[in-house]
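If you want the building blocks of each chain, they are given just below.
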Amino acid sequence: MTTVAGPSTLQPLRIGAATLGNRLIHGTGRFPSDAVLQACLEAARPDLVTLAIRRLALAPAAPGEVPQAPRNELAGVDLSAFTLLPNTAGATTAEQAVRLARLARAATLGDLIKVEVIGDERTLLPDPAGTLDATRQLVREGFTVLTYTSDDVVLALRLEEAGAAAVMPGAAPIGTTLGPQNETNLRLIIERLTVPVVIDAGLGVPSEAARVMEWGAAAVLVNTAIARSRDPVEMARAFSEATAAGRRAHLAGRAEISLQAAASTPATGVPGS
Amino acid sequence: MTTVAGPSTLQPLRIGAATLGNRLIHGTGRFPSDAVLQACLEAARPDLVTLAIRRLALAPAAPGEVPQAPRNELAGVDLSAFTLLPNTAGATTAEQAVRLARLARAATLGDLIKVEVIGDERTLLPDPAGTLDATRQLVREGFTVLTYTSDDVVLALRLEEAGAAAVMPGAAPIGTTLGPQNETNLRLIIERLTVPVVIDAGLGVPSEAARVMEWGAAAVLVNTAIARSRDPVEMARAFSEATAAGRRAHLAGRAEISLQAAASTPATGVPGS
Amino acid sequence: MTTVAGPSTLQPLRIGAATLGNRLIHGTGRFPSDAVLQACLEAARPDLVTLAIRRLALAPAAPGEVPQAPRNELAGVDLSAFTLLPNTAGATTAEQAVRLARLARAATLGDLIKVEVIGDERTLLPDPAGTLDATRQLVREGFTVLTYTSDDVVLALRLEEAGAAAVMPGAAPIGTTLGPQNETNLRLIIERLTVPVVIDAGLGVPSEAARVMEWGAAAVLVNTAIARSRDPVEMARAFSEATAAGRRAHLAGRAEISLQAAASTPATGVPGS
Amino acid sequence: MTTVAGPSTLQPLRIGAATLGNRLIHGTGRFPSDAVLQACLEAARPDLVTLAIRRLALAPAAPGEVPQAPRNELAGVDLSAFTLLPNTAGATTAEQAVRLARLARAATLGDLIKVEVIGDERTLLPDPAGTLDATRQLVREGFTVLTYTSDDVVLALRLEEAGAAAVMPGAAPIGTTLGPQNETNLRLIIERLTVPVVIDAGLGVPSEAARVMEWGAAAVLVNTAIARSRDPVEMARAFSEATAAGRRAHLAGRAEISLQAAASTPATGVPGS
Amino acid sequence: MTVAIVLNGEPAEVEAGITLAAFLENLGIDRRRVVVEHNRRVLRGAELEAATVARGDELEVLQLVGGGA
Amino acid sequence: MTVAIVLNGEPAEVEAGITLAAFLENLGIDRRRVVVEHNRRVLRGAELEAATVARGDELEVLQLVGGGA
Amino acid sequence: MTVAIVLNGEPAEVEAGITLAAFLENLGIDRRRVVVEHNRRVLRGAELEAATVARGDELEVLQLVGGGA
Amino acid sequence: MTVAIVLNGEPAEVEAGITLAAFLENLGIDRRRVVVEHNRRVLRGAELEAATVARGDELEVLQLVGGGA
């Protein structure tokens, strides 16, 4: 017997110094509490975790008192098990993104950066020129750059040319959980690029994570769809499972679609027929 | 801390005497070999396995020789670990389906039967009247009837009224692997019926299994999509994972779709903004 | 020059005694007023118009007074220009449908009947068995039967076998204006049947009428999408235009889809390239 | 009676000096012959017609002979009835596009230019940076610029800011006839921009033209879908009709989608119910 | 003298022996705009003049109304 | 002596009066892997020992095979 | 005497000092159907009469052709 | 004596000449959990001990927070 079903292991994905056995990249924003976030991370067991960098809120002190820094939402979360992927969220220009990236490097002691330059406050869709400029600059400064972008195919090619270590087209506008809106473009990007393509933003349910992995995406980034589920912990687990299932299916190769129906049961040998 | 991420277990599905911890029902037709089928079953670890009943091929014997029965494709497969779900595939009338069901009961020593009455040889889509008649008759004879049907909502309601233990609308014509064609009707069937709804026929990739489970399907039946994959064993595993992920996501509840983009990173506290 | 663009005329559709130059069948229910309905009919210029038959509301008379029949909503509408297609809407059994059909024949002095047997009050989807029985009975009584049905392919085949002059699968549940939900099944029905296939129920916008006509539907029936538009008259006109455009496109034959991009402008002869 | 169905006229679209009563912009490439193209233009009756500019093919003359220019494919076509919209197809840089635009201005004696800067030879998708640069430059030179772009929302906003008189996002890659791939983005572009949005490239059938017009597109550009139809003349006519129908439907306002079925026939007054 | 019948599904009293044509006229109903079913039998044209109402009859008076699906 | 029967839809000659158990054994068929229908009646276990074949009988010998839908 | 120029991207020999109008006429080209770029400058109407060809000139002669996207 | 600086984008008064390390300590801020930018230059580790605050300085004190996209 030539085929044996032993335990199956999927090859990890490498992006710069990061190794992703689990191809679900887990966000840390918009969770109901840090306890829930911690539980999600324990359930999903990601390798790469995104976070952001922001000004410490310095509460104005009453006269004669020491001002208090408010509790950080990540305070109760043990991030030591994860590789950190800080983003430049909040930047609307390449300059801001570069500045945030440098701060993030000092804060995480790592070179990974997710470039995000927003071009439109209403849709939070990325600015093509700013995104490309920030990528170029940060590659020059030695960062391992993963760039959030739209589903524009040529822009994705340009980002690869600019030295991005991974390109991260959005499935749909950030936070909408609408799921993949442009299969054609996302598949073209996956097909045309040599660097890993990570589907970012807008995924809503685990089946959509599986679906883009089946297309050949290298990984997915999920945040709102987990954080805003009724049960974030189980949803985190489900995204983790579905991402692996989609990867596995991609490698196995789908059965060919047939426009003709075909019985999976033998057509002959039926009594009385 | 109120939320703890311990190991999560999904409640099994009960249909008559069958208990499905794994909600992937695994077919056994069209596999490249019985060795591959055996390996798939070991990888996917289903609880319920479909099979069919057919005339034994009695090879014409040469004069003076004993005729030989050819090797049965299930010969090398250990089915003892599974609950068996024989089907009435091949029937084009209610009478044929009833006859096959009685034979199947004797062969499997169980009362589970998947009713299938084909109404059109080209599309292999089910015959509404014959399907309903066969269901009624077999319920009367004490079978636990799971009925394959189209995505017709009223027919599904009638099958439930007729006593079906589960109703199995097809996602797409048998063997096409086209995936779910009518989300509206499938979701209406899931919503309106009290008995378990199992999505049968036409699923192509694990993400589609996850998707219908997210809608609230109780289980899925997959055959061709596994058997005709380039790597059936890994595909079987992927379908098993994706089905569980979809179930889990259904229970967790999806994040609400927002037509408005919303950052998962705080909007304030960005330097230089 | 072999191709000449003279005025183009589309061949009319014949169903029994009806001749449809305009393949938009126009409903008459749910309009804001009979004046609006009249204006819609003048704008859309259909050939076939549906209506229903209902008990005359007999207002209880005060003692000594003659009871008054309330104003009929069709009162102000001139139907003389149209062929009338009464329906059996309201029927939930074959018997009721047959009774309504006989009354409709007396009322319209025509043999056309649209059979409609509802099987589920919530979704208003048709009852397969009742629909088939009513069709058989009315064909026997000499009616020209157009049968409203689901998108079940085999049921559509059975209705043709039962003698239906046209089969009318719904695009989506009645009144939803969701548009075509199951392209695969609707196209299979169009392809497999010999009698005209009229897409009924659930169309929402003119582009959907055009789309199903492009698939090869013989006609469309539209009511709610016109009646509940902000401007029913212009919407009626738009549906009429789009239906013709879709028919024309079907006959012309679509350009083949190419997964490869191809310039419609010559690739060579560009200065400086 | 307040609503009267007189003849309906749609307001024309104005882009710079062009006035489009017919919102179908008609291409002139890839036609089987100039005779067919002429017939299409007579059938569709567009106001705006695209064309390209290319080097005259100067056939090498034999010694002592005058070299002959080959027959121009537009030779037999009377363009005098149309406003001409030359494109910069063939350009892969902003510089080339500007050069072609200047030549086109001399050739057409008009200021209209369709900017097209291709960024990828395989998909013919536009180059974001080059497209934006060419638009800026040509606006500066006094052209009325209509810019072909991807479905990237922020890029579309930037093109408007750059002074484009119209923005022309592609429905799908040029020449594929795949139809609109990203409804979300196309609708966002239509909603967010003040200048007219013309859907360009990749439309395949008239129903798709109607659909994007229903979304609020100001116009559509169609070439391959007409030129490569089996009957280009009738297809041209169908696109013209469908474009008008879609515009009309947009103005009329679609009936609200209801997830609940609702009869268009009164529910009461049915005998025997 | 009146007799009890069922009219459009409701109990009603009508003049005994009246023709259906007269019955409709009394109600002010234009015969050309309605269709009448008498004890499950559809009556056409002149049949309304001939048919008379008796105790226990089932009478349905219907008309065409707006409808689509 | 043999009699004519219909076996799995095809004409066949079998030894007259043979039990179904013996018939299967003669064909080298493992009884535990098949199911037998005799004149449209499904036989179970010991019934195979008792039932005998007569002229004109319809006999079906079936087995479980791979199948899905 | 001829001089070497670049005509539509290809090397060509033309009569020295000829006007562009004459050059087009010699080639049998209808001036109303083409547009001419002379050393990257687009010439219009009467400019074709004035401009003359010199050694090393870049000349482009273009026309409108069918195109869409 | 204090000097006016810009702290996280807001005007603030701080002790003249204080080191950044001391400044953070006075605010009760754990140095390991923040990152500091001093006049657009990111300071690391020991640099906080060396750098002192002067009039008009721009100081940013940031931390990692939850975020995704």
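As a reminder, the structure under discussion sits directly above these lines.
Here the structure is a predicted model, which is why all the values come from computation and not from measurement. Position numbers for residues start from 1 in each chain and track the written sequence from start to end. In the order they appear in the text, chains get letters beginning with A and ligands get numbers beginning with 1. Residues qualify for local features only when their pLDDT is at least 70, as the model is predicted, and side-chain atom pairs are given and counted only at 80 or more; totals for whole chains, interfaces and linings, by contrast, use all residues. Think of the side-chain values as coming from all heavy atoms in the structure, minus any hydrogens and water.

Student: How do you make sense of the interface of chain A and chain D when you look at a structure like this?
Tutor: By a widespread convention, an interface's size corresponds to the accessible area lost as its parts come together. Chain A puts 25 residues into the contact, and the matching count from chain D is 25 residues. Here's the idea: put two parts together, see how much 1.4 Å probe accessible area each one loses, and the total over both is what we call buried area. Of the roughly 2000 Å² buried where chain A meets chain D, counting both sides, 49% is carbon and sulfur surface. By definition, a salt bridge exists where a carboxyl oxygen of Asp or Glu is found within 4 Å of a side-chain nitrogen of Lys or Arg. Run the count over chain A and chain D and you get 6 salt bridges. One salt bridge in this structure joins Arg192(A) and Asp120(D), with 2.6 Å as the shortest N-O distance. Two N or O atoms form a polar contact when they lie within 3.5 Å of each other; inside protein one atom must be a possible hydrogen donor and the other a possible acceptor, and for residues adjacent in sequence the pair counts only when both atoms belong to side chains. Taken together, the links from chain A to chain D amount to 14 residue pairs in polar contact (both at pLDDT 80 or more). Taken together, the elements giving at least two residues each to the side of chain A that touches chain D come down to helix H4 (153-161) and helix H5 (183-192) of chain A. Side-chain classes follow a simple rule in which Ala, Val, Leu, Ile, Met, Phe, Trp, Tyr, Cys and Pro form the nonpolar group, Asp, Glu, Lys and Arg form the charged group, and the remainder, Gly included, forms the polar group. For the side of chain A that touches chain D, a count of residues per class yields 10 nonpolar, 7 polar and 8 charged. Any two residues whose heavy atoms approach within 4.5 Å are treated as being in contact. The helix count covers DSSP runs of H or I at least four residues long, the strand count covers runs of E at least two residues long, and both are numbered beginning at the N terminus.

Student: What am I meant to see in the interface of chain D and chain C here?
Tutor: Facing 81 residues of chain D, the contacting portion of chain C comprises 82 residues. A combined buried area of about 6500 Å² lies between chain D and chain C, and 58% of that area is made up of carbon and sulfur atoms. Per-residue buried area on chain D facing chain C is highest for Arg54(D), Ser264(D) and Pro271(D); these three make up 9% of the total on that side. Connecting chain D to chain C are 4 salt bridges. Our count for the contact surface shared by chain D and chain C stands at 28 residue pairs in polar contact (both at pLDDT 80 or more). Where the side of chain D that touches chain C is concerned, the elements lending two or more residues are helix H1 (34-44), strand S4 (48-55), helix H2 (94-108), helix H6 (206-215), helix H7 (224-227) and helix H8 (232-252) of chain D. Broken down by element, the residue count for the side of chain D that touches chain C peaks at 14 residues, all from H8(D). Considered class by class, the residues forming the side of chain D that touches chain C number 37 nonpolar, 26 polar and 18 charged.

Student: What should I look at first to understand the environment of Arg122(C) in this one?
Tutor: The residue Arg122(C) is located in the loop between strand S6 (112-115) and helix H3 (128-140) in this model. Residue exposure (1.4 Å probe, protein chains only): buried if accessible area is under 20% of the type maximum, exposed if over 50%, otherwise partly exposed. Relative accessible area serves as the criterion here: at 42%, Arg122(C) is assigned to the partly exposed category. C-alpha separation for the pair Arg122(C) and Gly272(C), spaced 150 residues apart in sequence, amounts to 66 Å. Setting aside residues no more than four positions away along its own chain, Arg122(C) makes contact with Glu191(B), Arg192(B), Gln260(D) and Ala261(D). Within the structure, the side chain of Arg122(C) is placed 3.2 Å from the side chain of Glu191(B), a separation counted as a polar contact.

Student: Would you take a moment to explain the packing of aromatic side chains for this structure?
Tutor: Each aromatic ring pair is summarised here by two numbers: the centre-to-centre distance and the angle between the ring planes. Here a Phe, Tyr or Trp ring, Trp counted by its six-membered ring, pairs with any other such ring whose centre lies within 6.5 Å, and the pair is stacked when the planes are under 30 degrees apart, edge-to-face when over 60, and tilted otherwise. Throughout the structure, instances matching the rule amount to 0 aromatic pairs over all chains. In our convention, an over-ring charge means Lys NZ or Arg CZ found within 6 Å of a ring centre and within 35 degrees of that ring's normal. Here the guanidinium or amino end of Arg105(C) rests over the ring plane of Phe143(C), the centre of that ring lying 3.7 Å away.

Student: Sorry if this is basic, but what is going on with the sheet that holds S6(C) here?
Tutor: Sheet strands associate in pairs through backbone hydrogen bonding, adopting either a parallel or an antiparallel arrangement. Residue and element names in this part refer to chain C. Read from one edge to the other, the open sheet built from 3 strands follows the order S6-S7-S8, with strand pairing classed as parallel. With one partner strand each, in any of the chains shown, S6 and strand S8 (166-169) form the two edges of the open sheet. Neighbour-to-neighbour, the strand axes of the sheet open up by a mean angle of 20°, direction not taken into account. Each pair of strands is called paired provided DSSP finds at least two bridges between the two strands. As paired strands, S6 and strand S7 (residues 144-149) are joined by 4 bridges and run parallel to one another. By the bridge assignment for S7, Leu112 is matched with Thr144. A fitted line through C-alpha atoms represents every axis, and for helices the fit uses only the stretch in contact; the resulting angles, taken between N-to-C directions, go from 0 to 180 degrees.

Student: Where do I start with helix H4 (residues 153-161) of chain B in this structure?
Tutor: Structural remark: α-helix, 3.6 residues per turn; residues separated by three or four positions point the same way. In terms of residue burial, H4(B) counts as a mostly covered element, since 7 of its 9 residues are buried. Along H4(B), the positions that sit buried rather than exposed are Val153(B), Val154(B), Leu155(B), Ala156(B), Leu157(B), Arg158(B) and Leu159(B). On its buried face, H4(B) sits against helix H3 (128-140), strand S7 (144-149), strand S8 (166-169) and helix H5 (183-192) of chain B together with H3 of chain C. Two to three positions downstream of the cap, the backbone nitrogen of Val154(B) sits 3.1 Å from a side-chain oxygen, assigning the N-cap of H4(B) to Asp152(B). Just beyond H4(B), the residue with positive phi is Gly163(B), at close to 105°.

Student: Help me out: how do you make sense of the relation of the copies chain A and chain D in this one?
Tutor: What relates the pair of chain copies is a rotation about an axis plus a shift along that axis. The least-squares superposition of copies is restricted to C-alpha atoms, and to residues with a pLDDT of at least 70 in both copies. Between chain A and chain D, the superposition needs a rotation of 180° and an axial shift of 0.0 Å, giving an RMSD of 0.0 Å. Classification of the inter-copy transformation places it as that of a two-fold axis. Measuring from the rotation axis to each C-alpha of chain A, the shortest distance belongs to Asn182(A), at 2.5 Å. When the interface residues of chain A are mapped onto chain D, 100% of them again fall at the interface, so both copies present the same face.

By themselves, these observations are geometric and do not establish any function.
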